[in-house]
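Understanding the architecture of this molecule
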Amino acid sequence: MMLSLPKKVTIIEVGPRDGLQNEKLLVPTDIKKQFISNLRSAGLQEMELTSFVSPKWVPQMGDAAEIAADCLDEKTRNIVLAPNRRGIDRIYSTNCKAVAVFVGVSNSFNFKNINKSTRDSLAELKPIIHELKQKNYFVRACISTAFYCPYEGKISESDTLALCHEFVQTGVDELSVADTIGMASPNESFSLFSQLKSRFNEILITAHFHDTRKLALANILAALQAGIDRFDTSAGGLGGCPFAPGAAGNAATEDVVFMLERMGIATGVDLNKLMTAIEVVIPYLSRKIETGYYRLHAQTV
Ligand code: HMG
Ligand code: MG
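Scope of this entry: the structure provided in the associated data block. (Residues numbered from 1 in each chain as written. Chains lettered and ligands numbered in written order. Predicted model: local features only at pLDDT ≥ 70, side-chain atom pairs only at ≥ 80, totals over all residues. Heavy atoms only, no water.)

With respect to the coordination of the magnesium ion (ligand 2)
Protein coordination of the magnesium ion (ligand 2) is provided by Asp18 (OD), His208 (NE2) and His210 (NE2), with donor distances spanning 2.0 to 2.3 Å. Positions of the donor residues of the magnesium ion (ligand 2) along the chain correspond to the pattern D-x189-H-x1-H. Highlighted residues: Asp18 in helix 1 (residues 15-21) and His210 in the loop between strand 9 (204-209) and helix 9 (216-225), separated in sequence by 192 residues. Relative accessible area serves as the criterion here: at 5%, His210 is assigned to the buried category. (Donors = N, O, S within 2.8 Å, 3.2 Å for Na, K, Ca; no water. Helix = DSSP H or I, 4+ residues; strand = E, 2+ residues; numbered from the N terminus. Buried < 20%, exposed > 50% of the residue type's maximum accessible area, 1.4 Å probe, protein only.)

Some points on the site of ligand 1
Neighbouring ligand 1 are 27 residues, the closest being Gln21, Lys56, Asn115, Ser144 and Thr180. Take Arg17: an N or O atom from its side chain is 2.9 Å from an oxygen atom of ligand 1. Compared with its free state, where it exposes 1,100 Å², ligand 1 has 75% of that area covered by protein. The cavity where ligand 1 resides is the largest pocket. (Near = heavy atom within 4 Å. Polar contact = N/O pair within 3.5 Å; in protein donor to acceptor, adjacent residues only side chain to side chain. Areas by Shrake-Rupley, 256 points an atom, 1.4 Å probe, with all protein chains shown as cover. 1 Å grid on protein atoms, 1.4 Å probe; cavity = no way out; pocket = protein on both sides within 12 Å on 5 of 7 lines; lining within 4 Å. Sits in = over half its atoms within 2 Å of the grid points.)

So, the packing of aromatic side chains
Considering all chains together, one arrives at 6 aromatic pairs under this definition. Here a set of aromatic residues connected by ring pairs shows up, and it is made of Phe147, Phe193 and Phe209. Over the face of the ring belonging to Phe138 we find Arg77, whose NZ or CZ atom lies 3.7 Å from the ring centre. Sitting over the ring of Tyr92, Lys135 keeps its end group 4.8 Å from the ring centre. (Phe/Tyr/Trp six-rings, centres within 6.5 Å; stacked < 30°, edge-to-face > 60°. Lys NZ or Arg CZ within 6 Å of the ring centre and 35° of its normal.)

Written out as structure tokens, the structure reads:
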């Protein structure tokens, strides 16, 4: 008997955005640009580059306009985030054509993250999404606290599905559904992603796991079996939301690529070049990242 698995998956690299947003010390803008360029050279064709949020809330993203001005590339889906009208207006003055909006299923988390209730965020975002679609933008909706909230605990699957349904009705191209604090278990991953796949098969569904409790790979394997073939990951396992206490980094791109390629699932990512990209930012990070063993074994994948 064999696992039922796809032949290839798409990795959406979120390192330049989710990966860096939680870093306390400002990473120089030129280093971010080099990081993005090297990630592309490693084969990553969809990437979150930055976010147009308030620099008072997330100082690390204060150089969003400069990143957007210099880092767009024809062959890559260059995604930039915005939480509100002000962010969208800032994006309109760039050449970005792919936008991610974000909202939490949990009201308490949404207040901490965006200073609004989930309902008020949705009310603000709905006309914005219609407008973006009329202007031919690719629109991704990031759904935070889809499994657990750092303030409210377990989130019911039906609440997450209901919020996803509202976004699908607005005409988004993609849902990126997140285990923000890395609490989900593989059975919860399988259950929610099976439901999402069967209800919203007409749009792209992506899984976004944080690896707080080292369950991200197990959750990815469970989501794969639910039919998911798109995963948000972050080079070096960087990441975390400043307003989600206890959240560690995202599933590490190198771990996910290594696992999938070993399973015979193509990712299009060159592990050695990925390591080169990570090494560009390592000197500027507050956390320690180990790349040595992937360097050793990259040739044997
Ligand atoms: P607020 O203080 O309620 O905003 O914050 P406001 O509308 O009252 O405006 C206050 C000031 O911010 C004003 O400036 C605005 O112009 C400015 P002032 O008059 O004081 O000089 N402002 C902005 N500036 C630049 N860009 C903007 C913007 N909006 C207002 N877009 C706000 C509300 C949404 C702005 C704030 O809460 C915020 O920026 N939040 C972002 C938080 C964030 O970035 N979180 C991380 C990303 S989400 C995530 O990581 C989860 C995800 O990975 C999935 C998962 O893992 O769960 C996607
Ligand atoms: Mg995240």
